[in-house]
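Structural description and commentary
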Amino acid sequence: MHTVVVGTSGTTAQDVIAVARGNARVELSQEALDALATAREIVDALAAKPEPVYGVSTGFGALATRHISPELRAQLQRNIVRSHAAGMGARVEREVVRALMFLRLKTVASGHTGVRPQVAQTMADVLNAGITPVVHEYGSLGCSGDLAPLSHCALTLMGEGDAEGPDGVVRPAGELLAAHGIAPVELREKEGLALLNGTDGMLGMLIMALADLDTLYKSADITAALSLEALLGTEKVLAPELHAIRPHPGQGAAAANMLAVLKGSGLTGHFQQDEAPRVQDAYSVRCAPQVAGAGRDTMAHARLVAERELASAVDNPVVLPGGTSQAEGPGGGRVESNGNFHGAPVAYVLDFLAIAAADLGSIAERRTDRLLDKNRSHGLPPFLADDAGVDSGLMIAQYTQAALVSEMKRLAVPASADSIPSSAMQEDHVSMGWSAARKLRTAVGNLSRIIAVELYAATRAIELREGLTPAPASRAAIEALRAAGVQGPGPDRFLAPDLEAADAFVRAGRLVEAVERVTGPLA
């Protein structure tokens, strides 16, 4: 089994995916354990002083003005976890919770939170045991971190609340810890707060969305090329010199991908020879690289934000070396309040990606509709039906695709443009980044379905072009799709299973794999 070693300097997107989706084992480096111990010495020194220090010897949020006496501080840390574990709604997916837990461990291991090494080790042990806390859909405003989701995870570390075991059965967390030989943690000063205060949920969902979108954007380039072929369009608009004079990197990559798929096609170039000669193709075909390319460049910016966040230690307050701002520990060191928990940087790109995904879905649906319209498909039967009138063909498949596109537009409304005050106006501006991440997950799933419908239509249309030979890469895509159980042209049949199989084919990256066996790696 793959092992991810957590140090003090952040982690990578690949490691997050390995833990969240691949169940990779997690280990703490000696460097991280040493940093944890050093930071804890500073916190312990603060706790022994009479002066109140936020997060160590005070209440939290709007209650931060109360000084907490030493005998109540362990109770304070337990109470913040219990009271903040106030989520509601459906359970969040296992991979999201594992990403959230791993990313919180990443920040804890930085040595800037003041958490003891044994608490960090328990976090790693819970991940390695395959125990997944029950986290709910609602409870994060994306500021002061993903508070409720992280609190439900911290509750599991305490042996309280519910969690899912490696067998998929939800049981009391205490029972699961005991079954795996894990002792519940007894939280001390600052530790409860440190386990709750981060952008880990929204960041984890951003990282997984980027991984999925990388596959979907390549898939969309392929289906755009297949639709161009099926419509007897021209590949001349994909010439590198045309895209060099508008040098957006994503646009050039998308055009190069389409050109690679279309290499050797016998269907392209007939746009001036059919019954309705054209000077140029419609925008949904001709401008495919420009739209997909803009989305790719959006993804590049989102990756940059994710990489910066992965290198961050997000907590409030944080432990810093040197200085005497609030307290001085052994060898110097201080604890400082800050606003790094605000999710705005992550929330903005989550919303930006939802906008780009909606537009990619929209242009794919327009190409699909063109394939089904006998007045615009250049010789294809109405709705690609076997016997139009008796058969309806793909008429309602396009309805489904259109409904998905319409929902994508609603999901593109930015969550981060909203803010709602909380905590007696102490937390008076929030990011709504968790909400942005949740709707992006839905949008990514819808985009896969939209691309699958275009794939289903375009491959059927190509097969109906008798006497014309598709490109080798196109043939490879068609053959792989048929081998996956998705049927080709013929009389009407129950379509939902075919569409589901096509979606699974796209989502798993099998369309890209089939094409790349011919073209080599796509950009």
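Residues numbered from 1 in each chain as written. Predicted model: local features only at pLDDT ≥ 70, side-chain atom pairs only at ≥ 80, totals over all residues. Heavy atoms only, no water.

Digging into the packing of helix 15 (residues 395-411) against helix 16 (residues 433-464)
Operational definition: Between N-to-C directions, angles cover 0 to 180 degrees, with each direction set by a line fitted to C-alpha atoms, over the stretch in contact for helices. Secondary structure elements are defined from DSSP: runs of H or I of at least 4 residues count as helices, runs of E of at least 2 residues count as strands, and each element is numbered from the N terminus. We call two directions roughly parallel when the angle between them is under 35 degrees, roughly antiparallel when it is over 145, roughly perpendicular when it lies between 65 and 115, and oblique otherwise. For any pair of crossing helices, the crossing counts as left-handed if the nearer helix is rotated counterclockwise from the farther one by less than a right angle, and right-handed if it is rotated clockwise. When checking whether two residues touch, look at their non-hydrogen atoms; a contact exists if any pair is within 4.5 Å. Each residue gets one label: Ala, Val, Leu, Ile, Met, Phe, Trp, Tyr, Cys and Pro are nonpolar, Asp, Glu, Lys and Arg are charged, and the others, such as Gly, are polar.
At their nearest, the axes of helix 15 and helix 16 sit 9 Å apart, and the two run at 155° to each other. With respect to helix 16, the element helix 15 is oriented roughly antiparallel. Judged by the sense of rotation from one axis to the other, the crossing of helix 15 with helix 16 is left-handed. Residues Ala397, Gln401, Leu404, Val405, Glu407, Met408 and Leu411 of helix 15 pack against Lys439, Thr442, Ala443, Asn446, Leu447, Arg449, Ile450, Val453 and Glu454 of helix 16. Broken down by class, the residue content of the contact of helix 15 with helix 16 amounts to nine nonpolar, three polar and four charged.

Quick notes on the sheet that holds strand 6 (residues 162-164)
Let me state the cut-off plainly: At least two bridges found by DSSP between two strands are what make those strands a pair.
With antiparallel pairing, the three strands of this open sheet are ordered in space as 4-6-7. For this open sheet the edge positions go to strand 4 (132-133) and strand 7 (170-172), each flanked by a neighbour on one side alone. Of the strand pairs in this sheet, strand 6 and strand 7 are connected by three bridges, and their pairing is antiparallel. Considered in strand 7, the bridge of Ala163 is made with Arg171.

Quick word on the nonpolar core
Rules: Remark: nonpolar core denotes a set of buried residues (Ala, Val, Leu, Ile, Met, Phe, Trp, Tyr, Cys) joined through side-chain atoms within 4.5 Å. Residue exposure (1.4 Å probe, protein chains only): buried if accessible area is under 20% of the type maximum, exposed if over 50%, otherwise partly exposed.
Core analysis: the biggest nonpolar cluster contains 151 residues, and Leu195 and Leu206 have the highest contact counts within it. Of the residues forming this core, the biggest block, 18 residues, is contributed by helix 9 (residues 200-230). Residues contacting Leu195, with those up to four places away along its chain left out, are Arg104, Val108, Val119, Met123, Leu150, Ala154, Leu157 and Leu187.

Here's the deal with the pairing of strand 1 (residues 3-6)
To keep it simple, the criterion reads: With the strands aimed away from the viewer, a crossover counts as right-handed if its path from the first strand over the helix to the second runs clockwise.
Burial of the side chains of strand 1 is restricted to one face: Val4 and Val6 are buried, whereas none of Thr3 and Val5 on the reverse face is. The pairing of strand 1 with strand 2 (residues 25-28) spans four bridges and is parallel. Note that in strand 2 the partner of Thr3 across the bridge is Arg25. Between the parallel pair strand 1 and strand 2, the chain is carried across by helix 1 (residues 13-20), and the sense of this crossover is right-handed.

Observations regarding empty space enclosed by the protein
Stated formally: Method remark: on a 1 Å grid restricted to protein atoms, a set of points is classed as a cavity if a 1.4 Å probe fits but cannot get out and as a pocket if it is open with protein on both sides within 12 Å along at least five of seven lines; lining residues have an atom within 4 Å of a point. Grid points are joined across faces, edges and corners, and a volume is the space filled by probe spheres set on the points.
One pass over the full model with this rule turns up three cavities of 30 Å³ or more. Its boundaries defined by the atoms lining it, the largest cavity holds a volume of some 90 Å³. Forming the walls of the largest cavity are Leu100, Met101, Arg104, Met123, Leu150, Cys153, Ala154, Leu157 and Leu195. At the level of elements, helix 4 (94-108) and helix 6 (147-157) are the ones that each hand at least two residues to the lining of the largest cavity. When residues in the lining of the largest cavity are grouped by element, the largest group, four residues, is from helix 6. Split by residue class, the lining of the largest cavity holds eight nonpolar, no polar and one charged. Taken as a whole, the second largest cavity spans an internal volume of roughly 40 Å³. Lining the second largest cavity are Ala220, Asp221, Ala224, Ala288, Ala292, Leu360, Ile363 and Arg367. Elements represented by at least two residues in the lining of the second largest cavity include exactly helix 9, helix 13 (288-310) and helix 14 (344-372). Partitioning the lining of the second largest cavity into residue classes produces six nonpolar, no polar and two charged.

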